[in-house]
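Structural description and commentary
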Amino acid sequence: MKRNVVQPVVGLMLTALTAACGAKNDNAAGGASSLAAFDQLPVVAERVQLPDGGSIVVADPGKAGEKVTLKLSDLADDLKIVRLESSDDALVGAGQTWITGERIIVYSDGVVKQFDFEGKYLGQIGAKGNGPGEYSIAPYDFYVDADAGRIYMVQYNATKLMSYNSDGTFAGDIPLARQMPKGAVRVDTKRQRITAVSICFDGSKSRDEVWEQDFDGNILSSVSMPWLEMPMDFSSELYSDIGSRAEGFSYAMFRIDAAADSLYGYDGRTLRPVFTAGIKEGLMHKYDRLGGMYLFLSFGEPQAVNDNSYVIPSQTPMLVDPVSLRGAYCNIMVDCIGEVRWDSGWAFSKSPGYFVMNSSPGGLSSWIDKSIEQYDISGDELKKLKDFQATLDEDDNNIVIFGRWK
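I will try to describe carefully the structure that is included in this document. Since the model is a prediction, treat every value here as computed from it, not as a measurement. (Residues numbered from 1 in each chain as written. Predicted model: local features only at pLDDT ≥ 70, side-chain atom pairs only at ≥ 80, totals over all residues. Heavy atoms only, no water.)

Here the focus is helix α4 (residues 379-389). Restricting attention to buried positions, one finds in α4 the residues Leu385, Phe388 and Gln389. Seen along its axis, α4 keeps its buried residues to an arc of 105 degrees; they face one direction. Facing away from the buried side of α4 by more than 90 degrees, the exposed set consists of Asp380 and Lys383. Tucked into the core, α4 has its buried residues touching β4 (76-83) and α3 (361-375). (Buried < 20%, exposed > 50% of the residue type's maximum accessible area, 1.4 Å probe, protein only. Helix = DSSP H or I, 4+ residues; strand = E, 2+ residues; numbered from the N terminus. Arc of directions from axis to C-beta. Contact = heavy atoms within 4.5 Å.)

What follows is the structure in structure tokens.
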């Protein structure tokens, strides 16, 4: 019976806006948006009723019209520009960045380093290696329980959750009830409870996409949806805002096999489809929830980099407001520093619930020069960019710009 809830969604992917999918609810379409930035955008989706009594927002990318540029300040709160400490031990290169528990965590050059929101270096978390508290490959996710003074790390193909004290020293391993090829967690240290989400590969013994467990590895509850299993390929990705919400969260995948799918919401009992889009068969894509917004992103054909690797170029992301059903393909203007536009990279934050950009001073300066030339920026906006650019020193550590999605 559970399967019947989700199976119609696959049909919706291919017949997104037909009456056969179910009765529409047009009351919200075109009305006031949850964010004012969407008020002048076209209606690009409809809400379709599902057989179980729920509903799903179905976007039609063909209705999006012209690409637009939205200001970051209209989409995210508490924007911060953080200059990371430039001491020798604190220096980082290009890498992955998490915002969690009022900490900035950066993995680069095989090492995990942490900073506070003022950019002060707080030390290294664990170390590269195969000993206790050490990681042999890159971390996949972090969760910080600030009240308990604990940092939790999930590796690729994890069978245990690695825990650290707030200073980054190792505090012990916690067994995971299920193996996580790629996954994320939320941890209540005081209650000794872990909520986990994971990709499930075909043929593996790990059959739960979501579960709650105690610190001894005993499962307390779980959700298994076999039709969400995918071929064993680590090119696929998991997206969830589990780490940024006190309760409930989203679950979505980028599937390298390009199968039709949806963004799901966890309601405390099961995963329910909440957002999808009408797309061409075989098109690789991802869904995500950014605060109160839904995101749809499609990809082009893989391009070979060398004999052993390739890249999959991303298109401009589409944002949809689930209240008014308005949306568009969107660039983001990082207006806290000026008229600097970001096409698609802004949609790939490792940190749930946050816009995150981590750049070297030199890279950011070059990006500013490119924007000035490409968009012919002048007047007060040019002065704003030039004044900010003058504060950049190529010998300094990276600059992190972030804010919580509204």
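What follows covers the pairing of strand β23 (residues 285-290). Along β23, six of the six residues are buried, which leaves the element largely enclosed by surrounding structure. Alternating positions in β23 separate into two faces, His285, Tyr287 and Arg289 on one and Lys286, Asp288 and Leu290 on the other, with burial throughout. Note: β23 against strand β24 (residues 293-298), six bridges, orientation antiparallel. In the sheet register, lysine 286 faces β24, and the bridge partner there is leucine 297. Between the antiparallel neighbours β23 and β24 lie two residues, among them glycine 291 with a positive phi of about 60 degrees. (Pairing = 2+ DSSP bridges.)

Within the largest apolar cluster, 41 residues are counted, with the highest numbers of intra-cluster contacts made by Leu75, Met293, Leu319, Trp346, Phe355, Leu364 and Trp405. Only α2 (72-75), β24, β28 (327-333), β30 (354-359), α3, α4 and β31 (399-405) provide two or more residues apiece to this core. Among the elements that line this core, the one with the most residues is α3, at four residues. Contact partners of methionine 293, with chain neighbours within four places excluded, come to Leu35, Phe38, Leu75, Asp288, Leu319, Val320, Pro322 and Trp405. (Core = buried A, V, L, I, M, F, W, Y, C linked by side-chain atoms within 4.5 Å.)

Of note, alanine 196 is situated in strand β16 (residues 193-198). The class of alanine 196 is buried, set by a relative accessible area of 0%. What alanine 196 contacts, discounting residues up to four positions off in sequence, is Met180, Ala184, Val185, Glu209, Val210, Trp211 and Ile242.

A word on the sheet that holds strand β15 (residues 183-188). Within the open sheet, the four strands sit side by side as β15-β16-β17-β18. Their pairing is antiparallel. The open sheet terminates on both sides in strands that have one partner only, identified here as β15 and β18 (219-223). When the angles between neighbouring strand axes are averaged without regard to direction, this sheet yields 15 degrees. Inspection of the sheet shows β15 paired to β16 by six bridges, in the antiparallel sense. Among the inter-strand pairings, valine 185 is bridged to a residue of β16, identified as alanine 196. (Axes fitted to C-alpha atoms, helices over the stretch in contact; angles between N-to-C directions.)

Summed over the entire model, instances satisfying the criterion amount to 15 salt bridges. Among the salt bridges present, the one from aspartate 208 reaches arginine 178, with a minimum N-O distance of 3.0 Å. Of the two residues, aspartate 208 is situated in the loop between β16 and β17 (210-214) and arginine 178 in strand β14 (residues 170-180); the sequence distance between them amounts to 30 residues. Here arginine 289 and aspartate 241 are joined by a salt bridge, their closest N and O atoms 3.0 Å apart. With arginine 289 in strand β23 and aspartate 241 in the loop between β19 (237-239) and β20 (249-254), this pair connects stretches of sequence that are 48 residues apart. Side by side, arginine 289 and aspartate 241 carry an identical accessibility label, which is buried. Here the residues in one salt-bridge network are Asp52, Asp267, Arg269 and Arg272, joined through shared partners. (Salt bridge = Lys/Arg side-chain N within 4 Å of Asp/Glu carboxyl O.)

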